[in-house]
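# Geometric and topological summary
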Amino acid sequence: LTRYEVAGLELMDEGAALTPNFWRAPTDNDMGANLHRKLSVWKNPGIKLDSLKWETRNEQVMIYADYEMKNVSARLNLTYVINNQGALKVSQRMSVNPQSKTPPLFRFGMQMQMPEDFEMIEYYGRGPIENYCDGIIVVTWESIINVLQSSLILIFVRKKPGQKQTFVGGSN
């Protein structure tokens, strides 16, 4: 996904894209086990679009994108559902050839760069800082992005295995 506009508001900067992501920053334990090298094929799994189809069903647009990931002997299927309010739901499914010697995943997710002029972030979870499963109740958090970015840079200079972001349910 490279362009997303709702009610005249461009939600993605030019050149930005919502893309599959299979890599994360290695932790100290990962480095000790040499996983950042053993799993490095997931940095660039060789994604190539094979098929792109769409249909309208129940006043929603459904987009189906099928990819081959040659470097990891896998197939990736993305489904985008856009309703008449502009809400977007993205689902992804991956299947790996069971005969291949593909290493395990570091991460299975999506990533995108938010427009620079977005100043607020809101998400449902236990807060923007390190937390634990027995922490505070789940609430909706709002923060000014500049404050959030500067505090996260100080807190998460390098990801550690013990640092937790538990139950982050969604974001706006």
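Residues numbered from 1 in each chain as written. Predicted model: local features only at pLDDT ≥ 70, side-chain atom pairs only at ≥ 80, totals over all residues. Heavy atoms only, no water.

## Looking at the overall build of the chain
- A tally of regular secondary structure across the chain gives three helices and 11 strands.
- Counting from the amino terminus, helix and strand elements in the chain follow one another as β-β-β-α-α-β-β-β-β-β-β-β-α-β. (Helix = DSSP H or I, 4+ residues; strand = E, 2+ residues; numbered from the N terminus.)

## Things to note about the confidence of the model for the chain
- When pLDDT is averaged along the chain, the result is 79, and 70% of the positions lie at 70 or above.
- When pLDDT is averaged over each helix and strand of the chain, the minimum, 49, is found for strand E11 (residues 170-171) and the maximum, 97, for strand E5 (residues 60-69). (pLDDT = per-residue confidence, 0-100.)

## Section: the pattern of salt bridges
- What the rule picks out here adds up to five salt bridges.
- Taking the shortest distance from any N to any O, the salt bridge between Arg 24 and Asp 30 comes out at 2.7 Å.
- For Arg 24, a relative accessible area of 25% translates into the label partly exposed.
- Under the relative-accessibility criterion, Asp 30 is labelled buried at 7%.
- Residue Arg 75 pairs with Asp 50 through a salt bridge whose shortest N-O separation is 2.7 Å. Taken together, the residues Arg 75 in strand E6 (residues 74-82) and Asp 50 in strand E4 (residues 47-57) connect sequence positions 25 residues apart.
- Given the relative accessible area of 33%, Arg 75 is considered partly exposed.
- Under the relative-accessibility criterion, Asp 50 is labelled partly exposed at 40%. (Salt bridge = Lys/Arg side-chain N within 4 Å of Asp/Glu carboxyl O. Buried < 20%, exposed > 50% of the residue type's maximum accessible area, 1.4 Å probe, protein only.)

## Overview of a negative patch on the surface
- Residues Asp 13, Glu 14, Glu 116, Asp 117 and Glu 119 make up a contiguous surface patch of negative charge.
- Examined against the element boundaries, Glu 14 turns out to sit in the loop between strand E2 (9-10) and strand E3 (19-21). (Patch = residues over 30% accessible without salt bridge, like charges linked within 9 Å, V, L, I, M, F, W, Y side chains within 5 Å. Areas by Shrake-Rupley, 256 points an atom, 1.4 Å probe, with all protein chains shown as cover. Lys, Arg positive; Asp, Glu negative; His and termini not counted. Charge placed at Lys NZ, Arg CZ, Asp CG, Glu CD.)

## Some details on unusual backbone geometry
- Positive phi, close to 65°, is recorded for Asn 34, a residue that is not glycine.
- On the secondary structure map, Asn 34 appears in the loop between helix H1 (28-32) and helix H2 (35-38).
- Judged by relative accessible area, which is 29%, Asn 34 ranks as partly exposed.
- Even without being a glycine, Ser 73 presents a positive backbone phi close to 50°.

## Focus: the nonpolar core
- With 18 residues, the main nonpolar core has Trp 42, Met 69, Leu 76 and Leu 78 as its most contacted residues.
- Among the elements that take part in this core, E6 stands out by supplying four residues, more than any other.
- Excluding residues that lie within four positions of it along the chain, Trp 42 makes contacts with Phe 22, Trp 23, Met 69, Val 72, Met 94, Thr 102, Pro 103, Pro 104 and Leu 105. (Core = buried A, V, L, I, M, F, W, Y, C linked by side-chain atoms within 4.5 Å. Contact = heavy atoms within 4.5 Å.)

## A short note on the packing of aromatic side chains
- On inspection of all chains with the given rule, the structure shows three aromatic pairs.
- Here Phe 22 and Phe 108 contribute two aromatic rings whose centre-to-centre distance is 6.0 Å and whose plane-to-plane angle is 35°, an arrangement assigned as tilted. Pair noted here: Phe 22 is in the loop between E3 and H1 and Phe 108 is in the loop between strand E7 (88-96) and strand E8 (109-111), with a separation of 86 residues, a long-range link.
- For Phe 22, a relative accessible area of 2% translates into the label buried.
- Take Phe 108: its relative accessible area is 38%, and that puts it in the partly exposed class.
- On the numbers, 4.8 Å between centres and 70° between planes, the contact of Trp 23 with Phe 106 is edge-to-face. (Phe/Tyr/Trp six-rings, centres within 6.5 Å; stacked < 30°, edge-to-face > 60°.)

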